[in-house]
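Fold and geometry: a report
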Amino acid sequence: KCIQCPDFDFCEACEGPNSGHDETHVFAKLYTREQSIPKPQKRCERKNRINKLELDVEALKQQVADLIALKQAPPAEPECVEEEIVEEEEISQPEAEVEQPEAPISPELQEKLDTLNAMGFMDNELNKEIIMANNGDMEVVLDLLLASM
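Structure report, in brief. (Residues numbered from 1 in each chain as written. Predicted model: local features only at pLDDT ≥ 70, side-chain atom pairs only at ≥ 80, totals over all residues. Heavy atoms only, no water.)

**Structural notes on the side chain of N127**
Among the secondary structure elements, N127 is positioned in helix α3 (residues 124-133). Given the relative accessible area of 2%, N127 is considered buried. In this structure the side chain of N127 is engaged in a polar contact, spanning 2.8 Å, whose partner is the backbone oxygen of F121. Other than its neighbours up to four places away in sequence, N127 contacts L113, L116, N117, F121, M122 and L145. (Helix = DSSP H or I, 4+ residues; strand = E, 2+ residues; numbered from the N terminus. Buried < 20%, exposed > 50% of the residue type's maximum accessible area, 1.4 Å probe, protein only. Polar contact = N/O pair within 3.5 Å; in protein donor to acceptor, adjacent residues only side chain to side chain. Contact = heavy atoms within 4.5 Å.)

Following this line, the structure appears as structure tokens:
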């Protein structure tokens, strides 16, 4: 039975190089009429996985674009609010806002930031956000940064 043609069989006596059939085709030998060649199964798992990855990449590209747009947007101007004049006794001093110091950067993160700076990606805040969002996977980080250019 030719496994490349839909319905082509030879008996044992007719098979061989002088049969007239394409010599590049592969034959399977069936010894009884009950035997058959299984039909190939569809292998769509890989395609589905690739489709999901492509959707994930598009979502990440959108997130990076949103972050860049947010970073580049001009700061919103404060609204004018009429203040009520209050006697001095009622005015309480607002507590001074204490600026929180930034958490120290790990040596691994600093090394990745330095690498990106050497490649021309100078926005360390954006670089840091993207590195942390992608668990330090520099291949993904570079893909996202390049896609956002």
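**A closer look at the pattern of salt bridges**
Enumeration according to the criterion identifies two salt bridges in this entry. For E58, the salt bridge identified is with K61, shortest N-O distance 3.8 Å. Taken together, the positions of E58 and K61, both in helix α1 (residues 45-72) and three residues apart, correspond to about one turn of that helix. When its relative accessible area of 36% is taken as the criterion, K61 is described as partly exposed. (Salt bridge = Lys/Arg side-chain N within 4 Å of Asp/Glu carboxyl O.)

**Thoughts on the packing of helix α2 (residues 107-118) against α3**
Close contact between α2 and α3 brings their axes to 10 Å; oriented N to C, the two are set at 125°. Taken together, the axes of α2 and α3 are oblique relative to one another. Classified by chirality, the crossing of α3 by α2 is right-handed. Contacts between α2 and α3 involve L109, K112, L113, L116 and N117 on the former and, on the latter, N124, N127, K128, I131 and M132. (Axes fitted to C-alpha atoms, helices over the stretch in contact; angles between N-to-C directions. Parallel < 35°, antiparallel > 145°, perpendicular 65-115°, else oblique. Left-handed = near helix turned anticlockwise from the far one by under 90°.)

**Here's the deal with unusual backbone geometry**
Despite not being glycine, N135 has its phi angle at roughly 50°, a positive value. On the secondary structure map, N135 appears in the loop between α3 and α4 (138-147). You can call N135 exposed: its relative accessible area is 75%.

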